[in-house]
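# Structure at a glance
Here are the chains, one letter per residue:
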Amino acid sequence: VLPVILITGCILYLISALILRLEYTRAMVQMLQQQSFTFLLSQRNEIGVTDSATMQILAENIKNSADPEFKAFMASIIAEIGGRDSLPILIDMVNDAEDDYRRDLVEVIYHTDIRTEEMRLLYEELLRDSDPRIREYAVTGLGRVIGVDSLDYLTLIQPLLGDDVL
């Protein structure tokens with residue numbers, strides 16, 4: 001009798017977890033459609049769930065917007081709620097962006113303080129950017145990812161040592 005009760009409890013728990021996740025996703029989509037994003041920032045630590053569908057909806061909102069300030073705000077929300085999971089979306093956004101918006105996106109990514117191989121590769125690419133502010137973020141970010149005492153770091157930034165703008 002006890003095993004049946006335990007198995008039934010486990011099954012009910014799994015069903016309730018599935019229902020809660022589906023309801024959470026539905027509520028997030030509804031909020032995104034209403035463009036109510038403040039809930040995401042205030043609840044991210046308590047919820048502890050990053051839904052890929054939610055991340056994609058946020059990314060679509062950015063693509064559909066013409067306002068660079070809104071786009072930068074949405075990118076910061078994606079970074080806040082997604083953490084490491086948001087990195088592929090944010091890197092794609094940086095690669096597609098131009099001018100001030102690109103600089104804003106690089107700043108958002110820089111402030112995530114994510115230290116992965118993907119970040120290293122992005123920072124290495126950004127070292128060659130024409131915008132000196134982006135290069136500055138790349139130099140500092142690369143130092144955080146691989147360490148400022150690393151020979152790799154010194155080799156990568158060596159061509160920029162004569163850069164008067166940095």
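First, a word on scope: everything that follows refers to the structure included in this document.

Calculation notes
- Residues numbered from 1 in each chain as written.
- Predicted model: local features only at pLDDT ≥ 70, side-chain atom pairs only at ≥ 80, totals over all residues.
- Heavy atoms only, no water.
- Patch = residues over 30% accessible without salt bridge, like charges linked within 9 Å, V, L, I, M, F, W, Y side chains within 5 Å.
- Areas by Shrake-Rupley, 256 points an atom, 1.4 Å probe, with all protein chains shown as cover.
- Salt bridge = Lys/Arg side-chain N within 4 Å of Asp/Glu carboxyl O.
- Buried < 20%, exposed > 50% of the residue type's maximum accessible area, 1.4 Å probe, protein only.
- Phe/Tyr/Trp six-rings, centres within 6.5 Å; stacked < 30°, edge-to-face > 60°.
- Lys NZ or Arg CZ within 6 Å of the ring centre and 35° of its normal.
- Helix = DSSP H or I, 4+ residues; strand = E, 2+ residues; numbered from the N terminus.
- Contact = heavy atoms within 4.5 Å.
- Axes fitted to C-alpha atoms, helices over the stretch in contact; angles between N-to-C directions.
- Parallel < 35°, antiparallel > 145°, perpendicular 65-115°, else oblique.
- Nonpolar A, V, L, I, M, F, W, Y, C, P; charged D, E, K, R; others polar.

With that out of the way, let us pick up a nonpolar patch on the surface. The grouping of Ile7, Ile11, Leu12, Ile15 and Ile19 at the surface amounts to a nonpolar patch, some 480 Å² of accessible area in total. Assessed through its relative accessible area of 54%, Leu12 is described here as exposed.

This brings us to the packing of aromatic side chains. Across all of its chains, the model carries one aromatic pair by this definition. We note Arg144 situated over the ring of Tyr110; from NZ or CZ to the ring centre the distance is 3.9 Å.

Let us now look at helix α5 (residues 87-96). Every buried residue of α5 is listed here: Leu87, Ile89, Leu90, Ile91, Met93 and Val94. Contacts from the buried residues of α5 go to α3 (52-64), α4 (68-82), α6 (99-112) and α7 (117-126).

This part is about the packing of α5 against α7. Packing of α5 against α7 leaves a shortest axis separation of 11 Å and a crossing angle of 10°. One element, α5, and the other, α7, form an angle in the roughly parallel class. Within the contact between the two elements, α5 uses Leu87, Pro88, Ile91, Val94 and Asn95 and α7 uses Glu118, Met119, Leu122, Glu125 and Leu126. Residues of the contact of α5 with α7, tallied by class, amount to seven nonpolar, one polar and two charged.

What follows is about the environment of Ile109. Along the chain, the position of Ile109 falls in helix α6. Its relative accessible area of 2% is what places Ile109 among the buried residues. Apart from the residues within four sequence positions on either side, Ile109 is in contact with Leu90, Ile91, Val94, Met119, Leu122 and Tyr123.

Note that all results are geometric; they support no functional claim without further evidence.
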